[in-house]
Structure formats: structure tokens, C-alpha cells
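Chain and residue survey
Each chain, letter by letter, is given below.
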Amino acid sequence: MHTQLAAISKDDTVGISASAIDAAVEQAVRQIPPAWPLASSVAVNPFLGQSDETLAAAGAKLRDVGGVAITMPRAWYRERIARQEMRSGDLAAALDASPHAGKPADVDTLRAALERDRETPEALPTAAELSALATGVDWPAIVSDRIGAWLGSHFDEGQALWPPIQGRSGWAAWRTYATHDLTPEIMGLSDFGQIVAEAPQDAPEMIERAVGTLGLEEAALPRFFHRMLFSLGGWAQFARYRLWQAELAGETDAVVSDLLAIRLSWEEALYLQNRDAIGLRWEDACSAYAAEHMPHADDVIDEIVQEAAEHAGQRDLAERLALPGTSPKVDRPMLQAAFCIDVRSEVFRRALESLDPAIQTIGFAGFFGLADEHRGFASDIAERRLPVLLNPKVTSVAGSEEDAMKDRKTRFDLRAKRAWGRFKFAAISSFAFVEATGPLYVAKMVRDALGLGDHDRPEEPRPRFVPELPDEARIEAAETILRAMSLTQDFAPVVLIVGHGANVANNPHASGLQCGACGGYSGEVNARLLAGLLNDAAVREGLAARGIAIPADTVFIAALHDTTTDRMTLYDGDLVGPAPAELDRVRALVGSAGALARAERATRLPRASGEADIARRARDWAEVRPEWGLAGCSAFIAAPRHRTTGRDLEGRAFLHDYDWRQDEANGYPVLELILTAPVVVASWISLQYYGSTVAPTAFGAGNKLLHNVVGGIGVFEGNGGNMRAGLSWQSVHDGTMLVHEPLRLTVCIEAPSEAITAVLEKHAGVRALFDNRWLHLFAIGEEGALSQRYVGDLGWQDET
């Protein structure tokens, strides 16, 4: 046995029970947020594992495990105070609301503390970092590079020409790889391959052995394991996604603990080789990991000033809501359009309503209540077009039996295209390919570089449920959705069901611009399915029996709002009967609304001088900011539309239509649904933007210009190392200044506070988000003002 392995005695591994180690592993795993793959990426709350802690406590923890600050530099707050955006009243209110015993005594003391910049946060050291200091070799970078090189293949979802061997655990697959990887030994880690070969075959046994070798106390394990996983960046987050998906299916996956065992193997080997040089410092580190970690006074101050900034934003929102709005009264709307609650819809909705007082828009979660698993045309890939918190309830496919011939031909074409692609990139043929056909691609490169040619997405055949839903299930689904939309009467002749998507070029993160409620896909499939459901005669007859009478002349038409170009596609070809007489006018109206929306958005985009520049940006493969996505999101409002009609919310608010008076008789099921689904999804979006802004190195994807796709699941910033999760810097910064204000989401609901409290009592996870102020919560009163603020522990206070 190798001398380093001989140094690991049996006595080293005793003292801490296996169950205690397993519990610490589980605790650390739950601290890691999941990261979805590029094909269906959705926004994720990077503080998901810390939602039961305050911002100050989470800041202390993440400083220790990642060396990151989770609030802005204090200069940012000082600048806002100097510009009078934050006022003394905001500071006083935040100070008064702080639950921490050691908070500043008064506003003057808080201001004085704010004048001092904080020291750069430092994580607790690892054996790899201490070994780097002792040897001059950058072991943390080597560890990241070698683990990343293997994981890019192990997690591959179609990019690699040689796919990984299926059916093996991550730990077993890595041991096979690591025993043949000579890089560690070339860099100075003696006999690493042999050490790995003689390691336990079971990952939990490896973790247990490493704990003993490193001399860790039981109290140190949760924080140390979290430190190990955090050091793996996006790889640990993607592994956590795999576990998330397995648990949704009622199963489990040991992939995250396998990664922990792999990272501990490096830690153990580096410690054993360098313990004479790092022993004393490592003992100090172990004691620090085991110590109780409470927020520092500076953590508390940072939490208070962050909340003061949010108070200032809430004051501005309250003033906007208090402005006189427009509540057009018409006997019957000429047009109704149900949009996703996405903040980008707010601009288009406002533009559309400005064109005619007889137009009414509605906000609803963009999957439109259909938790659908869809297979596109000529595809066997199951697309989960629903919030990632849910499991599919229905399945659908594109096209009918009549499209079978076209489906078969398309499949053959796609197989030929894939074969040609593999020929282009194969190890030997790639050289001959470049020499022989390279000049033929000049025209294509010029066309793409100039944004010429057809970049519109192909329109798929009409989707259908498979298996077809029975009439009773169809009627039940239609009723539930319409009641959740608060759309049960006064139907217009034309009702648009508007999904949204983004059509961009050369963007690995394109799915992040799609509909989050549709699982990172565009929303037209769900919109087309719902429109078909509501146009069905049997469904309408059943709805009438349940008190929802849809006029015979009302037609539901699906549509897709392209958020990058603000153009709208109408799927009137799905209609079985004749098109409504108003269709041409509807097309003209949505076209005019798109022009207004583009003109407004152009003022916010760099290098856009007017409406005409918007479409060009979507086709430009060198454009790193085709649109701002959900940057700037700061509020979620669930109320009747007349509370916000005519107010310019600047594309910063999620708008969900909700009438509590219709919901009251049934015990507020729609309110419960809003708080437990759309609000949670919006919080994930808001906190991803927050995390990518305040801590871009930890929770952001880095510089788009340096991205290289790895495994088809994520990106490197450069050519290796840790995979980067989160938003790129260009998604929150325009090159000169931030375009996203890092403010935690303010949720405003028009409903009795008692009803909201009852929902929070039932859902501890949602309540924790509000109690620890990862979200702020207000009740909107009878006059449309923010009347009550939730203060935690199921308590409310009146707003003045």
C-alpha cells in the first residue's frame, strides 16, 4: 500500500457515527441550489438553501463557504442616499424592523457605520488552498480543472461525440477516469491514481474515511461539506438539479454526494502530502469550521441598509399605485388578451390597452394552468412545459395522424443533418471537411453576420392532448383555469391566449429568455391547447352548467408574443370554424401595440436608437444584449387589472389578475395557488437577478464573450474549470452601469390579510420566504393603496 494510504489508520475514521456523517451530507446538499440545463434553463433562487435564515445569517454562512458578499458594496447605498433615493425614513423603518439584538442604536449610528467600507470577504480555507500556499502550485484551480474535464463528459447531454457509459454511479465512473489521469502527478500530487484506485468503492465510505483523515469534528461537517460543494460551482448545482428531478419523480439520486466524495478525495490526498507544512493552519481551519457562526455586526448593518433600499422602492411603487388610473367602462370588451405575468408583458399590455378603451388585458401564469409534457413535431424529446415545481398532469404532441408522412420525412431530414454534423466534427474527417468545404461556407457566414435570411421559428402543427382528455376532465380543467384567471363573465368576441418566447441568435442561454412558467420553453403550445379547449362546444356546454356562460360569438385564439422583437404571431389557423370578422382589426391592433412597445424598449437598450433597431438585435449573432429579459423586476401584484391600468410600471412588475371576491366563496383556492406557485416562481426569478448582481462571481455566469458550451448543459467562462450558473454579467449590466436594481421582490395582493395569513399558516416554506424577508408582502386595501405590511410571524402592521 502507498505510504500516504498507510497513514490512514482505522482509528482515523472512528468517533463520528455514519448516521451523523450522512445527516451532515444531507444538510450540505440542501444548501446547494439546482441549475437546469441550457435546453430548458429557468431562473433559480441561489439562496434556496438559506430561505429559513435572514439575509444577515445567510451572508455570514456564504462568506465562510464561498468568500462572497450577498449585498452591494456600501458605496452603492451611499450613492442612493446622496441622490435622495433612500431617505432617513427608509433607514429608520428598516432599522426598526430589524430583528437582530446587536443592531445600531439609531439612524445616526447606522449612517456612521455605512461610511466604512467592509473588508473583502474570505472563505474558510480548504486543504487545497493551504497546499497551494505551501507549494506555490495552484491546487484549487487544478482540482476544478480536472473535475470539470471529467464532469463535462459524465453529464453530457448530446454535445460529446463519445457519450459517457450509462448505468454507473458518478463515484465509480470518476475512479475509472482518475486512475488514468496523469495530470495530478505531473503537477506534483504523488501517486494520485494509485490512491484513487485503492479508495473505497462506496462513496459514503470514502466520505467517512476523509472525515477521519482530515480530523474533522462532527460540528464542522455541515459547513465543511457545504464548502466542498460550493467550490465546485455550477457542477454541484447541476448535480442538485439531477436530484431535484429524481425527487419530483418519487425517487432519489446520489450524484451530489458522489461529487462530494470526489472533491474530498482531492482534499484528503493534498492534506496527506502536505500536512507537515499545513498541519497547524489546518487545525485552526478545522476549529473554525466547527465554531458557531453568528452574523457579525457588519452583516446586520448590510441587511438593514439593503432593506432600506427596498423600502425606498416600495415607497415609489405605492406612489405609482396611488396615481389616478383609467378604468374604462364598456358594455362588452371588443378584445381581451390573456398574457403571462412576466414583467416583459407589462409593456406590451399597457401599449395594447392604450389603443382602444374597449381592450382589456389579463395576467396569468404563462403555462395557463396546463401542466403539460409535450413532444414537438418529429421529436421524441419530452418537453416539460410547466413550472419546475410541478409534475406533468397531461401530455401532448404536435400534429395529428394526418401529419404522419410529414413527420416521417422530417425525422429522416433531421437524422441526415445530425449525421452531417458528426462528420464535420469527427476526429479525422473534420480536417478534410474544413479543407474541402470551408470556402462554401463563406456566403453563409456573411449572411449570418449581417443578420440576413429567415430567422423566424418554424410553426409546428396544432398540438393535441395524447391521450385525449375525457369531456369531464376537459370541462374541469377549463373551469379551474377561467376561475383562476378571474375570467368568468363579460367575454369579448375575440379572446387572445398569449404565450411568450424569445427568438435570438447565437445565444446558449436562449431558453432563459423563454417562459419560466413553461419550464424554459416558449408558451405557444400551452396557449394553443387552452384555446382549443375553450373553443370546444362540449366544454362550453359543461361550463354553462357550472355558471360560466361563454357567448356563442366568442372565439379564443392562441398567440405568441416574441419578447425580443415585440411581434405577435396569431394561431388563427388552429380554428375549426371561420375566422371572426374582427380578426383583421385585431392583427392591426397587436401590430401597433408592438411598435409602441419596441419604441419604449429601445430607450433602455444600448446602441438602440429607435424601434427599427429591435428586430436587428434579435438576428445579430454578436449581440450580447438582444433584450433585457426580466432585469429590473421588483414587484408582484395580484389584483384586478383596474388597480394598475394606466400606471407606467416600466416593465418591472409581474401582474396577475385576481379578484378575491370571486374566490372568497370557495375558501380562497386561487389565492393559495397564487402564493404557492406564481409568487414562488417570481421569487426565484427576482432572487436569481439579485444574486447575479450582488455576487456575480458566485451566482452569475460571467462574461458572455468568454462562454464555451460544455456538455450541452452549461457554460465555461473560458475553456475549463467550474461550470458557471446564473445570469451573465451582460444580463444585468449595460457596460457602464447596472440595469438591474438588486432589490428583493415586493409582493402586493388585494385580499383580506386574514385570508393571506391562513395560506401562510398552511405552507411553511412560503411563510419562511416572507418571515425572513427574502420577499416582502403587502395587502392592497379597498382603495387600491398598500394598506398593510406583513411583518413576520403571521403579523401585520398598517401602512400610513
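Residues numbered from 1 in each chain as written. Predicted model: local features only at pLDDT ≥ 70, side-chain atom pairs only at ≥ 80, totals over all residues. Heavy atoms only, no water.

Considerations on the overall build of the chain
This is how it is decided: Only runs of H or I of at least four residues qualify as helices and only runs of E of at least two qualify as strands under DSSP, and these elements are numbered from the N terminus. Partly exposed residues are those whose accessible area sits between 20% and 50% of the maximum for their type, while under 20% is buried and over 50% is exposed, using a 1.4 Å probe and protein chains only. Any pair of residues with heavy atoms lying within 4.5 Å of one another is described as a contacting pair.
When its secondary structure is counted, the chain shows 31 helices and 19 strands. Seen through its principal axes, the chain has C-alpha atoms that stretch 85 × 75 × 50 Å. For the chain, with 800 residues in total, the buried portion stands at 57%. Relative to all contacts within the chain whose residues are 6 or more apart in sequence, the contacts with residues 24 or more apart total 74%.

What about the nonpolar core?
Applicable threshold: Within this scheme, the nonpolar core is defined by two criteria: the residues are buried Ala, Val, Leu, Ile, Met, Phe, Trp, Tyr or Cys, and they are joined through side-chain atoms within 4.5 Å.
Membership of the largest hydrophobic core comes to 198 residues, with the highest contact counts inside it found for Phe-225, Trp-282, Phe-636, Phe-654, Leu-671, Ile-756 and Phe-770. Among the elements that line this core, the one with the most residues is helix α15 (residues 255-290), at 18 residues. If sequence neighbours within four positions are ignored, Phe-225 has contacts with Ile-21, Ala-24, Val-25, Ala-28, Ile-207, Val-211, Leu-260 and Leu-264. By size, the runner-up hydrophobic cluster in this structure holds 25 residues, among which are Phe-339, Val-586, Leu-589 and Val-590.

Things to note about the sheet that holds strand β18 (residues 786-792)
Inclusion rule: Paired strands, in this sense, are two strands between which DSSP finds at least two bridges. Each axis is a line fitted through C-alpha atoms, taken for helices only over the stretch in contact, and angles between the N-to-C directions span 0 to 180 degrees.
If you trace the six strands from one edge of the open sheet to the other, you get β11-β10-β16-β17-β18-β19, paired in mixed fashion. The open sheet terminates on both sides in strands that have one partner only, identified here as β11 (653-656) and β19 (795-798). Recorded for the sheet is a direction-independent mean angle of 25 degrees between the axes of neighbouring strands. Strand direction decides the pairing type here: strand β10 (residues 635-638) and β11, joined by four bridges, are parallel. Of the residues in β11, the one forming a bridge with Ile-637 is Leu-655. Here helix α16 (residues 297-322) sits on the sheet in contact with β10, β16 (746-749), β17 (776-780) and β18, set at roughly 155 degrees to β18.

Examining the pattern of salt bridges
Keep this limit in mind: Take a side-chain nitrogen of Lys or Arg and a carboxyl oxygen of Asp or Glu: if they are within 4 Å of each other, that pair is a salt bridge.
Per the stated rule, a full pass over the model turns up 60 salt bridges. Put simply, Arg-546 and Glu-476 hold a salt bridge, and the shortest N to O gap is 2.7 Å. Within this pair, whereas Arg-546 is found in the loop between α23 (537-545) and β8 (555-562), its partner Glu-476 is found in helix α21 (residues 471-484), the two being separated by 70 residues in sequence. Overall, the relative accessible area of 39% leaves Glu-476 in the partly exposed class.

Let's talk about helix α3 (residues 55-66)
The line we're drawing: Multiply 1.5 Å by the residue count of a helix minus one, and that product is the helix's expected span.
With 12 residues, α3 extends 15 Å between its outermost C-alpha atoms, agreeing within 8% with the 16 Å of an ideal straight helix rising 1.5 Å per residue. The set of residues buried in α3 consists of Leu-55, Ala-56, Ala-57, Ala-58, Gly-59, Ala-60, Lys-61, Leu-62, Arg-63, Asp-64 and Val-65. On the buried face of α3, the contacting elements are α13 (221-230), α16, α28 (678-694) and α29 (696-699). Gly-67 sits one or two positions beyond α3 and adopts a positive phi of about 65 degrees.

Notes on the packing of aromatic side chains
Condition: In this analysis, rings of Phe, Tyr and Trp, with Trp reduced to its six-membered ring, are considered paired at centre separations within 6.5 Å, and the interplanar angle assigns stacked below 30 degrees, edge-to-face beyond 60, and tilted for intermediate values.
Going through the model one piece at a time under the given rule, you end up with 26 aromatic pairs. With a centroid separation of 6.1 Å and an interplanar angle of 65 degrees, the aromatic rings of Phe-47 and Tyr-690 are classed as edge-to-face. Linking Phe-47 in the loop between α2 (18-29) and α3 with Tyr-690 in helix α28, this pair joins segments that are 643 residues apart in sequence. Residue classification places Phe-47 among the buried residues on the basis of a relative accessible area of 0%. Seen in terms of ring centroids, Phe-224 and Tyr-289 are 5.1 Å apart; in terms of plane orientation they differ by 85 degrees. Their pairing is edge-to-face. Highlighted residues: Phe-224 in helix α13 and Tyr-289 in helix α15, separated in sequence by 65 residues. With respect to class, Phe-224 is no different from Tyr-289; both count as buried. The structure contains a cluster of three or more aromatic residues connected by ring pairs, namely Trp-36, Phe-155, Trp-235, Phe-238, Tyr-241, Trp-244, Trp-684 and Phe-716.

Concerning the sheet that holds strand β2 (residues 359-364)
Spatially, β2-β1-β7-β8-β9 is the arrangement adopted by the five strands of the open sheet, whose pairing is mixed. Edge positions in the sheet fall to β2 and β9 (567-570), since each has one partner strand and no second. Strand-to-strand twist across the sheet, computed as the mean angle between neighbouring axes with direction ignored, equals 25 degrees. Here strand β1 (residues 335-340) runs beside strand β7 (residues 494-501); their pairing, made up of five bridges, is parallel. When the bridges of β7 are listed, Leu-335 appears paired with Val-494.

Brief notes about the pairing of β16
Every second residue of β16 is oriented toward a common face, with Thr-746 and Cys-748 on one face and Val-747 and Ile-749 on the other, all of them buried. In terms of strand pairing, β10 meets β16 through four bridges, oriented parallel. Residue pairing in the sheet places Phe-636 in a bridge with Val-747 of β16. Sheet analysis places β16 next to β17, joined by four bridges and oriented parallel. Bridge pairing in β17 links Val-747 to Leu-777.

Considering unusual backbone geometry
Geometrically, the link from Val-466 to Pro-467 is a cis peptide bond, its omega value of 0 degrees lying close to zero. Residue placement: Pro-467 occurs in the loop between β6 (463-465) and α21. One non-glycine residue with positive phi stands out, namely Asp-191, at about 50 degrees. When you line up the elements, Asp-191 lands in the loop between α10 (183-186) and α11 (192-197). Of note, Asp-566 is a non-glycine position whose phi angle comes to about 55 degrees, a positive value. As for its position among the elements, Asp-566 is in the loop between β8 and β9. Residue classification places Asp-566 among the buried residues on the basis of a relative accessible area of 2%.

Things to note about the packing of helix α27 (residues 669-676) against α28
Rules: Oblique is the label for any angle not under 35 degrees, not over 145, and not in the 65 to 115 range, which are roughly parallel, roughly antiparallel and roughly perpendicular in turn. Ten residue types, Ala, Val, Leu, Ile, Met, Phe, Trp, Tyr, Cys and Pro, are classed as nonpolar, four, Asp, Glu, Lys and Arg, as charged, and the remainder, Gly among them, as polar.
Between α27 and α28, whose axes approach to 3 Å, the crossing angle comes to 20 degrees. By the angle between their directions, the pair α27 and α28 is classed as roughly parallel. Seen from α27, the contacting residues are Leu-673, Ile-674, Leu-675 and Thr-676; seen from α28, they are Pro-678, Val-679 and Val-680. Taken together, the residues of the contact of α27 with α28 break down into six nonpolar, one polar and no charged.

With respect to α13
Along an α-helix, residues three or four positions apart point the same way, because every turn accommodates 3.6 residues. Burial analysis of α13 places 10 of its 10 residues in the buried class, which makes it a mostly covered element. Taken as a whole, α13 has its buried residues at Leu-221, Pro-222, Arg-223, Phe-224, Phe-225, His-226, Arg-227, Met-228, Leu-229 and Phe-230.

As for the pairing of β9
Side chains Met-568 and Leu-570 project from β9 onto a buried face, and the interleaved Arg-567 and Thr-569 project onto a face without burial. Sheet analysis places β8 next to β9, joined by four bridges and oriented antiparallel. When the sheet's bridge partners are listed, His-561 is paired in β9 with Met-568. Hairpin remark: β8 followed by β9, antiparallel, with four residues in the connecting loop; positive phi at Asp-566, about 55 degrees.

Digging into the environment of Trp-36
Mapping Trp-36 onto the fold places it in the loop between α2 and α3. Along the primary structure Trp-36 and His-656 are separated by 620 residues, whereas in three dimensions their C-alpha atoms are 25 Å apart. Setting aside chain neighbours within four positions, we find Trp-36 in contact with Ser-41, Val-42, Val-44, Tyr-241, Trp-244, Gln-245, Val-388, Trp-684 and Ile-713.

Here we look at the state of the cysteines
Using the following cut-off: Sulfur atoms of two cysteines make up a disulfide when they are within 2.5 Å.
Overall, the coordinates contain zero disulfides when judged by the stated rule. The thiol of Cys-515 is not disulfide-bonded; the next cysteine sulfur, from Cys-518, is found 3.4 Å away. Exposure remark for Cys-518: the relative accessible area of 0% places this residue in the buried category.

Looking at the environment of Leu-352
As for its position among the elements, Leu-352 is in helix α17 (residues 343-353). Residue classification places Leu-352 among the buried residues on the basis of a relative accessible area of 0%. Taking the C-alpha atoms as reference points, Leu-352 and Ser-592, 240 residues apart in sequence, are found 7.7 Å from one another. When neighbours within four sequence positions are excluded, Leu-352 is seen to be in contact with Ala-337, Phe-339, Ile-359, Thr-361, Leu-589, Val-590 and Ala-593.

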